[in-house]
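# Analysis of the macromolecular model
In case you want the letters, here they are:
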Amino acid sequence: MDSKLPSSVRSTLLELFGQIEREFENLYIENLELRREIDTLNERLAGEGQAIDGAELSKGQLKTKASHSTSQLSQKLKTTYKASTSKIVSSFKTTTSRAVCQLVKEYIGHRDGIWDVSVARTQPVVLGTASADHTALLWSIETGKCLVKYAGHVGSVNSIKFHPSEQLALTASGDQTAHIWRYVIQLPTPQPVADTSQQISGEDEIECSDKDEPDIDGDVSSDCPTVRVPLTSLKSHQGVVIAADWLVGGKQVVTASWDRTANLYDVETSELVHSLTGHDQELTHCCTHPTQRLVVTSSRDTTFRLWDFRDPSIHSVNVFQGHTDTVTSAVFTVGDNVVSGSDDRTVKVWDLKNMRSPIATIRTDSAINRINVCVGQKIIALPHDNRQVRLFDMSGVRLARLPRSSRQGHRRMVCCSAWSEDHPICNLFTCGFDRQAIGWNINIPALLQEK
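Structure report, in brief. From a predicted model like this one, the values you see are computed outputs, not experimental measurements.

### Here we look at the overall build of the protein chain
- For the protein chain, the count of helices and strands is three helices and 29 strands.
- In the protein chain, the share of contacts with a sequence separation of at least 24, taken over all contacts with a separation of at least 6, comes to 54%.
- Carbon and sulfur atoms form 49% of the exposed surface of the protein chain, whose accessible area is close to 21900 Å².

Spelled out as structure tokens, the structure:
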């Protein structure tokens, strides 16, 4: 019967099934060899049962020794089987990841690593990046063109967040301040986006040199409008301000600093409302709840803290202890969940009503940086030190890995991820220390169907 599958899909399937057949053939051969080793060992032990090193062995001792040796070989067989079958699974994962996760646009123009990426929550929807080159840039998602440059900081710009309803941006900096600044953007007519995704084979997904970075011809931000003066400068910290975020409604902001404190400010008056103390080491991140007056701060002290400002007369704090190394970020999801990521190579999902233990734990092979959750679909994007970006669901099931090869993907540490669920072209953005941000199209229905 003639196949109705496209020839490219059919050839890929045939190749995969051929790999599976070869893998199981190798397993079968190894299994036979291990069985022969077990039989040989048992025969030798039976023959040596009367005298080993001149001593008599009882039947019980002989049985114990034979059982121990057999157990070791049995474990070797299990390990071999797991390693081989994991290659098969990895082959499938690579193929499906390329099918549902496609690189759409690269945003290149910063002169140093990019620490943070964020998407505007109002029209026009633009992309924001914060860089160690002391600037923040706003980009057209569709064209990749730089639209606005903010040059008001005198230190590394460590984070950027957009106001929930106005054209205002909030940036945190190594100059010990956080700035609120206004931007005015009129987007040009979108041009058709070329498909920059490349069909690559598994063999092409190789490690790249750290020095292999995108070429930047001149300053691409030099011809776009530059904002140099903020509307408000928040100056109460005594150390690097590593992150900042808007509380629900946009009338207050929270900042996190290496001085071990987080500060809550009134936007209109710039006054310090609360100084949040309690962390034993530098803070690494802060995040606000999308609909409630809740703040979560993370720290190098291996904890993250939940601050509750829903009652104006009092603010309570809860401490979450579940990591063994720096908590690099903790973010809210819909409902009563928080997701935390750490340098201990784990991500944990927590229920705010039960802080004693996480409801899910994801274990990875590399430290995790600033995570982000697709709220509508509950998909977690994990950017890693090892240049990978992986997608998981809230129960800890791995869904995909973003494609990375010598021709696409990040070439150095991936610092941050941000979802834009409603954008028709790009719905996930990543940035890294290779000085570029990347827009991805994730086919979420296909991703969830494969799960």
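There is more to say, and it comes next.
### Quick look at the packing of aromatic side chains
- Under the counting rule described, the total for this entry stands at nine aromatic pairs.
- A ring pair is formed by Tyr150 and Trp181, whose centres lie 4.4 Å apart and whose planes are at 5°; its orientation type is stacked. Of the two residues, Tyr150 sits in strand E5 (residues 146-150) while Trp181 sits in strand E8 (residues 178-182), which places them 31 residues apart along the sequence.
- A relative accessible area of 0% means that Tyr150 is categorised as buried.

### Quick look at the pairing of E8
- Burial runs high along E8: four of the five residues are buried.
- Where strand E7 (residues 168-173) and E8 come together, five bridges link them in antiparallel fashion. Directly across from Ala169, in E8, lies its bridge partner Trp181.
- Between E7 and the antiparallel strand that follows it, E8, lie four residues; Gln176 among them carries a positive phi value of about 75°.

### Section: the side chain of His423
- For His423, the position within the fold is in the loop between strand E27 (414-419) and strand E28 (428-432).
- On the basis of relative accessibility, which here comes to 11%, the residue His423 falls in the buried class.
- Side chain to side chain, His423 and Glu142 meet in a polar contact 3.0 Å long.
- Once you skip the residues sitting within four places of it in the chain, His423 turns out to touch Val125, Ile141 and Glu142.

### Some words on the side chain of Asn158
- Along the chain, the position of Asn158 falls in strand E6 (residues 157-162).
- Look at Asn158 and you get buried, because its relative accessible area is 5%.
- For Asn158, the side chain forms a polar contact with the main-chain oxygen of Val241, separated by 3.0 Å.
- Not counting the four nearest positions on each side in its chain, Asn158 is found in contact with Trp115, Asp116, Ala130, Ala172, Ser173, Gly174, Val240, Val241, Ile242 and Arg370.

### Notes on the state of the cysteines
- What the rule picks out here adds up to zero disulfides.
- Free of any disulfide, Cys431 has its nearest cysteine sulfur in Cys416, 4.9 Å distant.
- Looking at Cys431, the relative accessible area reads 0%, which means it is buried.

### Focus on the nonpolar core
- With 25 residues, the main nonpolar core has Phe304, Phe332, Val339, Ile380 and Leu382 as its most contacted residues.
- When contributions to this core are tallied by element, the ones reaching two or more residues are strand E16 (294-299), strand E17 (303-308), strand E19 (327-332), strand E20 (337-342), strand E21 (346-351), strand E22 (360-363) and strand E24 (379-383).
- At four residues, the largest contribution of residues to this core is made by E19.
- The contacts of Val339, once residues within four sequence positions are left out, are Ser329, Ala330, Val331, Thr333, Val347, Lys348, Val349, Ile371, Val373, Ile380 and Met394.
- Core analysis: the second largest hydrophobic core is formed by 20 residues, Ile379, Ala381, Val389 and Leu447 among them.

### What about a nonpolar patch on the surface?
- Taken together, the side chains of Leu5, Val9, Leu13 and Phe17 present a nonpolar region at the surface, about 340 Å² in accessible area.
- Along the chain, the position of Leu5 falls in the segment before helix H1 (7-47).
- Given the relative accessible area of 42%, Leu5 is considered partly exposed.

### A closer look at the environment of Leu382
- One can find Leu382 in strand E24.
- Judged by relative accessible area, which is 0%, Leu382 ranks as buried.

### As for the sheet that holds strand E12 (residues 252-257)
- Strand order in the open sheet formed by four strands is E11-E12-E13-E14, with antiparallel pairing between adjacent strands. Here the strands that pair on one side only, and so sit at the sheet edges, are strand E11 (241-246) and strand E14 (272-276). Averaged over neighbouring strand pairs, the angle between their axes works out to 20° when direction is ignored.
- In this sheet, strand E13 (residues 262-266) lies alongside E12 in antiparallel orientation, the contact comprising five bridges. For Val253, the partnering residue across the bridge sits in E13 and is Tyr265.

Thresholds applied
- Sequence order sets the numbering: in each chain, residues are counted from 1 along the sequence as written.
- With the structure being a predicted model, the display of local features is reserved for residues of pLDDT at least 70 and the display and counting of side-chain atom pairs for 80 or more, all residues being used for whole-chain, interface and lining totals.
- Calculated side-chain values reflect all of the structure's heavy atoms, with hydrogen atoms and water omitted.
- What counts as a helix is a DSSP run of H or I of at least four residues, what counts as a strand is a run of E of at least two, and both are numbered from the N terminus.
- Only heavy atoms matter for contacts: two residues are in contact if any of them lie within 4.5 Å across the pair.
- Only the protein chains shown count as covering a residue, and every accessible area follows the Shrake-Rupley method with a 1.4 Å probe.
- Any Phe, Tyr or Trp ring, taking Trp's six-membered ring, that has another such ring centre within 6.5 Å forms a pair; planes under 30 degrees apart are called stacked, those over 60 apart edge-to-face, and the others tilted.
- Accessible area is worked out with a 1.4 Å probe on protein chains only. A residue is then buried under 20% of its type maximum, exposed over 50%, and partly exposed in between.
- Whether two strands pair comes down to DSSP finding at least two bridges between them.
- Each polar contact in these results corresponds to two N or O atoms within 3.5 Å; when the atoms are within protein, one needs to be able to donate a hydrogen and the other to accept it, and residues that are neighboring in sequence are counted only if both atoms are side-chain atoms.
- Any two cysteine sulfur atoms within 2.5 Å of one another count as a disulfide.
- Here, nonpolar core means buried Ala, Val, Leu, Ile, Met, Phe, Trp, Tyr and Cys residues that are tied together by side-chain atoms lying within 4.5 Å of each other.
- Any residue with relative accessible area above 30% and no salt bridge may belong to a patch, with like charges joined within 9 Å and the nonpolar Val, Leu, Ile, Met, Phe, Trp and Tyr side chains within 5 Å.
- One speaks of a salt bridge when a side-chain nitrogen belonging to Lys or Arg is within 4 Å of a carboxyl oxygen belonging to Asp or Glu.
- Lines fitted to the C-alpha atoms define the axes, with helices restricted to the stretch that makes contact. Angles between their N-to-C directions range from 0 to 180 degrees.

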